[in-house]
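These are the residues of each chain, in order.
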Amino acid sequence: MIYPNSAFKWVFRVVMGALFIAALLTTIHVFTNLTFSHFKSTDSGLKHTAIQKKIIPGITIATHTLMAEKLDTSQFESKTVVATGYTAGIESTGKVPGDPAYGITFSGLPVQRDAYSTVAADPSVFPIGTVLFVPGYGYGVVADTGSAIKGNRIDLYYETVEAVYDEWGKQEVDVYIIKEGDGTLTQEQFNDLNKQNSIHGFRENRQT
């Protein structure tokens, strides 16, 4: 015979167990709801395929949080954009290692993920050479274009598909215009940006 108090405890445990399983299944769905949105390009820049994932609010990358703390964003003009991630690989550009154009941006610079990274944008919105700060990503220099990257859209370079999934996906974000470009970008200018000591912690944090 099950006394009333015992019956209550049994029902309580069943309900709590069901709630736990539901929460676990929801978490798994959130973390695995990944999609691909394929973009076709006809210009001389990289052919971008944005690699997207469902965004989880509140998750930030510690490295770039530290970088943001060094920047007073109130001093800079901002613009709301839709930002996606891409790689130099076939999944984003249709090119493979060995192709002369593999990993080469519209400006002629190779793609690079560093304290200042190469990003793609519409040059009528962000001219080549424009320096942006993208919260959650870091500093980016507009070095590339793409037929799908029009208007208030940007594409952020990552070294691997896994990094795109884990660190970005697709987000609407306010980016800050640190310096507007003049339509040109040289390797020397890009290298000089990455030599700045003010954000040296980027490389240190990437190794941890």
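What counts as what
- Residues numbered from 1 in each chain as written.
- Predicted model: local features only at pLDDT ≥ 70, side-chain atom pairs only at ≥ 80, totals over all residues.
- Heavy atoms only, no water.
- Helix = DSSP H or I, 4+ residues; strand = E, 2+ residues; numbered from the N terminus.
- Buried < 20%, exposed > 50% of the residue type's maximum accessible area, 1.4 Å probe, protein only.
- Areas by Shrake-Rupley, 256 points an atom, 1.4 Å probe, with all protein chains shown as cover.
- Polar contact = N/O pair within 3.5 Å; in protein donor to acceptor, adjacent residues only side chain to side chain.
- Contact = heavy atoms within 4.5 Å.
- 1 Å grid on protein atoms, 1.4 Å probe; cavity = no way out; pocket = protein on both sides within 12 Å on 5 of 7 lines; lining within 4 Å.
- Points joined across faces, edges and corners; volume = space filled by probe spheres on them.
- Nonpolar A, V, L, I, M, F, W, Y, C, P; charged D, E, K, R; others polar.
- Phe/Tyr/Trp six-rings, centres within 6.5 Å; stacked < 30°, edge-to-face > 60°.

**Some words on the overall build of the protein**
Here comes step 1: When you go through the protein residue by residue, the secondary structure sums to 6 helices and 8 strands.
Here comes step 2: For the protein, the sequential pattern of α-helices and β-strands runs α-β-β-α-β-α-β-β-β-β-α-β-α-α.
Here comes step 3: Put simply, the protein has 208 residues, and 39% of those count as buried.
Here comes step 4: Carbon together with sulfur atoms contributes 57% to the accessible area of the protein, which is approximately 11,500 Å² in total.

**What to know about the environment of Tyr137**
Here comes step 1: Within the element layout of this structure, Tyr137 appears in the loop between strand S5 (131-134) and strand S6 (138-144).
Here comes step 2: Along the chain, Tyr137 and Ala115 lie 22 residues apart, while their C-alpha atoms are 9.7 Å from each other.
Here comes step 3: At 2.7 Å, the side chain of Tyr137 and the backbone oxygen of Tyr157 are in polar contact.

**Some remarks on the side chain of Thr130**
Here comes step 1: Along the chain, Thr130 turns up in the loop between strand S4 (116-121) and S5.
Here comes step 2: A distance of 2.7 Å separates the side chain of Thr130 from the backbone oxygen of Pro127, its partner in a polar contact.
Here comes step 3: Here the side chain of Thr130 touches Gly181 through a polar contact of 2.9 Å, landing on its backbone nitrogen.
Here comes step 4: Among residues more than four places away in sequence, those in contact with Thr130 are Gly140, Val141, Val142, Ile177, Lys179, Glu180 and Gly181.

**A word on the environment of Ala121**
Here comes step 1: Mapped onto the elements of the fold, Ala121 is located in strand S4.
Here comes step 2: Residue class for Ala121 comes out buried when judged on its relative accessible area of 1%.
Here comes step 3: C-alpha of Ala121 to C-alpha of Ile154: the two residues are 33 residues apart in sequence and 4.7 Å apart in space.
Here comes step 4: When near neighbours in sequence (up to four residues on either side) are disregarded, Ala121 contacts Phe126, Val142, Asp144, Thr145, Ile149, Arg153 and Ile154.

**Re the layout of surface pockets**
Here comes step 1: In this model, the second largest pocket occupies a volume close to 230 Å³.
Here comes step 2: As for the second largest pocket, its lining consists of 13 residues, and the residues nearest its centre are Gly129, Val131, Lys179, Gln189 and Leu193.
Here comes step 3: Only strand S8 (170-179) and helix H5 (187-194) provide two or more residues apiece to the lining of the second largest pocket.
Here comes step 4: Looking at the lining of the second largest pocket residue by residue, the classes come out as 5 nonpolar, 5 polar and 3 charged.

**Quick look at the packing of aromatic side chains**
Here comes step 1: Overall, the coordinates contain 5 aromatic pairs when judged by the stated rule.
Here comes step 2: Aromatic pair Tyr137 and Trp168: ring centres 6.3 Å apart, planes at 75°, arrangement edge-to-face. Taken together, the residues Tyr137 in the loop between S5 and S6 and Trp168 in the loop between helix H4 (161-167) and S8 connect sequence positions 31 residues apart. As far as burial versus exposure is concerned, Tyr137 and Trp168 are alike and both buried.
Here comes step 3: One aromatic cluster is present, formed by Tyr116, Phe133 and Tyr139 through successive ring pairs.

All we've got here are geometric facts, nothing functional implied.
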